[in-house]
Amino acid sequence: MTARPKTARPDRTSPKVVVIGAGIVGCALADELTARGWTDVTVLEQGPLFATGGSSSHAPGLVFRTNASRTMTGFAARTVRKYAALELDGRWCFRPVGGLEVATTPERVAELERRRGFATAWGLESRLLDPDECAALHPLLDRERVLAGLHTPGDGLAHALRAGEAQARSATGRGARFLAHHRVTGIDSTAGRVTGVATDRGAFPADVVVSCAGFWGPRIGRLAGLTLPLVPMAHQYARTSPLPALATARATEAEEARLPILRHQDRDLYFREHSDRIGIGSYAHRPMPVDLDALDGRPAGGPMPSVLPFTEEDFGPSWQDARELLPALAQGKVEQGINGVFSFTPDGFPLLGESAQLHGFWVAEAVWVTHSAGVAAAVAAWLVDGRPGADLHECDVNRFEEAQLAPSYVHRRSCRNFVEVYDIVHPLQPALEPRPLRVSPFHRRQCELGAYFLEAGGWERPHWYEANGALPAVAQVPPRGEWASRYWSPIAGAEALATRERVGLFDMTPLRRLEVTGPGALALLQGATSNQLDRPVGTVTYTLLLDEAGGVLSDLTVARLGEEEFQVGANSRLDLVRLSRLLPADGRTRIRDVTGGTCGIGVWGPLARDLVQPLTATDFSHRGFGYFRARRAHLGEVPVTALRVSYVGELGWELYTSAEHGQRLWDTLWAEGRSLGAVAAGRSAFDSLRLEKGYRAWGTDMTPEHDPYEAGLGFAVRLDKGPFTGREALLAAAGRPPARRLACLVLDDPRAVVMGREPVHVAGAPAGYVTSAGYGYTVGRSIAYAWLPAASAGPGTRVEVEYFGAALPATVAAEPLFDPAMACIRR
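Parameters at a glance
- Residues numbered from 1 in each chain as written.
- Predicted model: local features only at pLDDT ≥ 70, side-chain atom pairs only at ≥ 80, totals over all residues.
- Heavy atoms only, no water.
- Helix = DSSP H or I, 4+ residues; strand = E, 2+ residues; numbered from the N terminus.
- Rg over C-alpha atoms; globule rule 2.2 N^0.38 Å.
- Areas by Shrake-Rupley, 256 points an atom, 1.4 Å probe, with all protein chains shown as cover.
- Lys, Arg positive; Asp, Glu negative; His and termini not counted.
- Charge placed at Lys NZ, Arg CZ, Asp CG, Glu CD.
- Pairing = 2+ DSSP bridges.
- Axes fitted to C-alpha atoms, helices over the stretch in contact; angles between N-to-C directions.
- Contact = heavy atoms within 4.5 Å.
- Buried < 20%, exposed > 50% of the residue type's maximum accessible area, 1.4 Å probe, protein only.
- Phe/Tyr/Trp six-rings, centres within 6.5 Å; stacked < 30°, edge-to-face > 60°.
- Lys NZ or Arg CZ within 6 Å of the ring centre and 35° of its normal.
- Expected span 1.5 Å × (residues − 1).
- Polar contact = N/O pair within 3.5 Å; in protein donor to acceptor, adjacent residues only side chain to side chain.
- Parallel < 35°, antiparallel > 145°, perpendicular 65-115°, else oblique.
- Left-handed = near helix turned anticlockwise from the far one by under 90°.
- Nonpolar A, V, L, I, M, F, W, Y, C, P; charged D, E, K, R; others polar.
- Salt bridge = Lys/Arg side-chain N within 4 Å of Asp/Glu carboxyl O.

Looking only at helices and strands, the chain features 19 helices and 42 strands. Here the C-alpha atoms of the chain give a radius of gyration of 28 Å, agreeing with the 28 Å that 2.2 N^0.38 yields for 827 residues. Overall size of the chain, expressed as C-alpha extent along the three principal axes, is 85 × 65 × 50 Å. If you sum the accessible surface of the chain, you get close to 30300 Å²; carbon and sulfur atoms cover 51% of it. Counting 88 positive and 92 negative side-chain charges, the chain places the centres of these two groups 3 Å from one another.

Below, the structure is given as structure tokens:
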């Protein structure tokens, strides 16, 4: 990757900011920026103010905060807090009527129990209701059809147009300006840095440009050379005629609604009150992608661009389902409806952050009203303070792989996301298409062994191998609950035990590998990460990529292969982007992503040396090839880079070679390992082994919201090595005890395997949440890692994990659970 300009802000206190789009996100961002002192803000809107013709102009405004994502829940909670405090000319911007999700199937009842767990884990008030309580809360419900409900009293209705204009007025009062009928025609730049925005009514100089254009975002992105994986999609919303059932207790025109907002996810429906009418939204219809060029060609004076003609034939089944849940609808009819355009992405998350290609060009796209104020606050903090104050790795615009930016991929995955909006989706459930997208050179051999593949980052990743189904240990693996049994097999347990007892072969190809070379390579990595990397050639170091506040952006494994050559084991494309932004301008230091052209196998277990040593003349003894060392060698005829590291807590090596040699490497190891009882082992076994050893998973166990000391990673920090990003914050943190810690929990019932994101209760009150979880086949216990207050994180503390409404007793345990003396890994 080539060098790019440094990310330093302009010298003046308030840089020139141009925000594209005056929908609710653009208005909220202008408000947040000006409140933080960046007052030179211009908001450009191609339509009128403030009913711009985008999604905000027709959004029904339902705000359900509970989400499996802690970050998205936080965005929604921030939105509620902010809009509840706003009004526009005496009219409300948020009405807290509460939220009610109903279940009409046993499967949905269980899902509501799981969602109540999310709400509790993320700090929201919620309660499970029986059918009578549901009917009392929403009298239009057919009590006989409802099995249970989830009530979230803090949810409600946001009035997008009022909230947008109210925030725009605040921003204007601090110096911002909003300009209607300015169509953006270009993004100006010089030497890789944005310099301004061109419109059909003149140019606007800018130090920072933020695209908040909603479903028009891909068009703006293209002007800046950025592919935004976003598909505009039509979504049906209808209003009934006046209903007699609402006549006696109808909400006033000023109130608009008294009944709670309602979801009927079993039929992909939601409802809200409009005084004496009911509004009905449906995700039950076919996906209806929208061509932006077709919206451009609509005649002037007609409906706004985001409102397409209502297709009654698509809504027919939903109308029938709606009347079954709310019988009072039979007294009315569908009086009006729209196919309203919204933004959908391949993974359902927003697109936030700065372009990796053009410095100063930022986006806040695919953001719904529900999350608008929270997103705006995070992006504003990111711009002004240099960090967003929340974990945004799920939302970062740079998270997608190149193959995931293909138009066909974006289209198909976004349509799938539309279909699954209200589906019960298992955390391990993969998309079915387009697959396979990325495969390792071992894929053919894995298929021959009956690999069961799941997908991550586009990679096909074996989770277990059916060929191992005959291993005697399969019968020893205890059963688990129905939910935890999905996308799992007891074969994974046998593979884990075989690794502990003999040796396992793990496909490490999807692990991102970066090649950092040149005279500035050491200085770049030293300044970017927390551990001491100025060590001899042939050493491997575990280190952390931190932000200025000491939050963990990523963890890296850095092998020094030459004086000016390093191989970096990273987590995602975000690591490549972050490190590339630090490249010196002279071009002599280079970063190259070599993942796709290389492959790797982890050979781990007590017999790993017995497998590898006969294949090479290189000394692989403990004395000749110590722990956390690297060297180049040949295994048979295959040139490899061997790293003596282990993420499973056993003796072994990661062996990397070029893709052309991949199948030969697999075959060589497989042939030699047969006499030793070697097994091919999948990701499910891998996760179990690393949990037993207490190894952290970035993005799950620790994020930028946590510092290394809280996460139990203080060993990877060398404060005395010299300057590095986050050092000053860690110097302060090192002098005080952490207020929270990542703790290891062992559940009393070994069959009670939880999945992650469950609330943890201490002394009967919510105190934290689970991060990683699974079963430890070697230790014979169910394991969960969880963030807890430091006072409750000491070994021996009794806690309860809430799982589908049940309280599962557990105990905080000393870690690691397996081999605390590190004898196995240093054989």
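If you trace the 5 strands from one edge of the open sheet to the other, you get β28-β29-β30-β27-β31, paired in antiparallel fashion. Only two strands of the sheet have a single partner each, and these edge strands are β28 (540-546) and β31 (590-593). For this sheet the average axis-to-axis angle between neighbouring strands, irrespective of direction, equals 30°. On top of the sheet, helix α15 (residues 573-580) reaches β27 (512-517), β28, β29 (552-562), β30 (565-570) and β31; it is set at about 75° to β29, its chief contact.

For β30, the tally of buried residues reaches 5 of 6 residues, placing the bulk of the element in the interior. In terms of strand pairing, β27 meets β30 through 6 bridges, oriented antiparallel. Counted as the bridge partner of Thr517 is Glu565 from β30. In this sheet, β30 lies alongside β29 in antiparallel orientation, the contact comprising 5 bridges. Across the sheet, Ala559 pairs through a bridge with Gln567, a residue of β30. Connecting β29 to the next strand, β30, in antiparallel fashion are 2 residues.

Here we come to the packing of aromatic side chains. Following the criterion strictly, the structure yields 28 aromatic pairs and no others. With 5.2 Å between their ring centres and 85° between their planes, Trp362 and Trp382 make a pair best called edge-to-face. On the criterion of sequence distance, the pair formed by Trp362 in strand β23 (residues 361-365) and Trp382 in helix α9 (residues 372-385) is long-range, its members being 20 residues apart. Each member of the pair, Trp362 as well as Trp382, carries the same accessibility label: buried. Three or more aromatic residues link up through ring pairs in this structure, and these residues are Tyr237, Tyr270, Tyr283, Phe342, Phe344, Trp368, Phe418 and Tyr422. A cation sits over an aromatic face here: Arg480 above Trp488, 4.0 Å from the ring centre. The residue whose ring lies beneath Arg500 is Phe818, and the NZ or CZ to ring-centre distance is 3.7 Å.

Between its first and last C-alpha atoms helix α13 (residues 490-501) spans 17 Å; for 12 residues at 1.5 Å apiece the expected length is 16 Å, and the two agree. Among the 12 residues of α13, 10 are classified as buried, and the element is accordingly described as predominantly covered. Contacts made by the buried residues of α13 are with β25 (459-465), β26 (504-507), β32 (598-604), β36 (679-681) and α18 (683-693).

Secondary-structure assignment places Thr370 in the loop between β23 and α9. With sequence-adjacent residues up to four places away left out, Thr370 is seen in contact with Leu62, Val63, Phe64, Phe75, Ala76 and Thr79.

With that settled, consider helix α3 (residues 106-121). Here α3 spans 23 Å end to end across 16 residues, near enough to the 22 Å set by a 1.5 Å rise per residue. Within α3, the full set of buried residues consists of Arg108, Glu111, Leu112, Arg114, Arg115, Gly117, Phe118, Ala119, Thr120 and Ala121. Count one or two residues on from α3 and you reach Gly123, which has phi positive near 90°.

Turning our attention to unusual backbone geometry. Along the chain, Glu433 connects to Pro434 via a cis peptide bond; the corresponding omega equals -10°. Within the secondary structure, Pro434 sits in the loop between α10 (407-419) and α11 (443-448). Between Glu815 and Pro816 the backbone carries a cis peptide bond, its omega angle lying at 0°. Relative to the helices and strands, Pro816 resides in the segment after β42 (806-813). Positive phi, close to 55°, is recorded for His181, a residue that is not glycine. Take His181: it is sitting in the loop between β11 (177-179) and β12 (184-190). The partly exposed category is assigned to His181, whose relative accessible area is 43%. With a phi close to 70°, Glu256 is a non-glycine residue in the positive phi region. Mapped onto the fold, Glu256 is located in the loop between β16 (231-240) and β17 (261-264). What makes Glu256 buried here is its relative accessible area of 16%.

The next subject is the environment of Asn468. The residue Asn468 is located in the loop between β25 and α12 (482-485) in this model. Taking the C-alpha atoms as reference points, Asn468 and Ala492, separated by 24 residues in sequence, lie 8.6 Å from one another. If we ignore the near neighbours within four places in the chain, the residues touching Asn468 are Val474, Ile491, Glu495, Val679 and Ala680. Within the structure, Asn468 has its side chain in polar contact with the backbone oxygen of Ala680 (distance 2.8 Å).

To characterise two packed helices, one gives the angle between the axes of the helices and the distance between these axes. Close contact between helix α1 (residues 24-35) and α9 brings their axes to 8 Å; oriented N to C, the two are set at 45°. As far as their axial angle goes, α9 and α1 are oblique. The hand of the α1/α9 crossing is right-handed. Where α1 abuts α9, its residues Ile24, Val25, Ala28, Leu29, Glu32 and Leu33 lie against Ser372, Ala373, Ala376, Ala377, Val379, Ala380, Leu383 and Val384. For the contact of α1 with α9, the residue count by class is 12 nonpolar, 1 polar and 1 charged.

Enumeration over the complete set of coordinates arrives at 62 salt bridges. Ionic pairing is found between Glu101 and Arg115, a salt bridge with its closest N-O pair at 2.9 Å. With a gap of 14 residues between them, Glu101 in strand β7 (residues 99-103) and Arg115 in helix α3 connect regions that are remote in the sequence. For the pair Glu101 and Arg115, a shared accessibility class is recorded, and that class is buried.

Taken by themselves, the reported measurements are silent on function.
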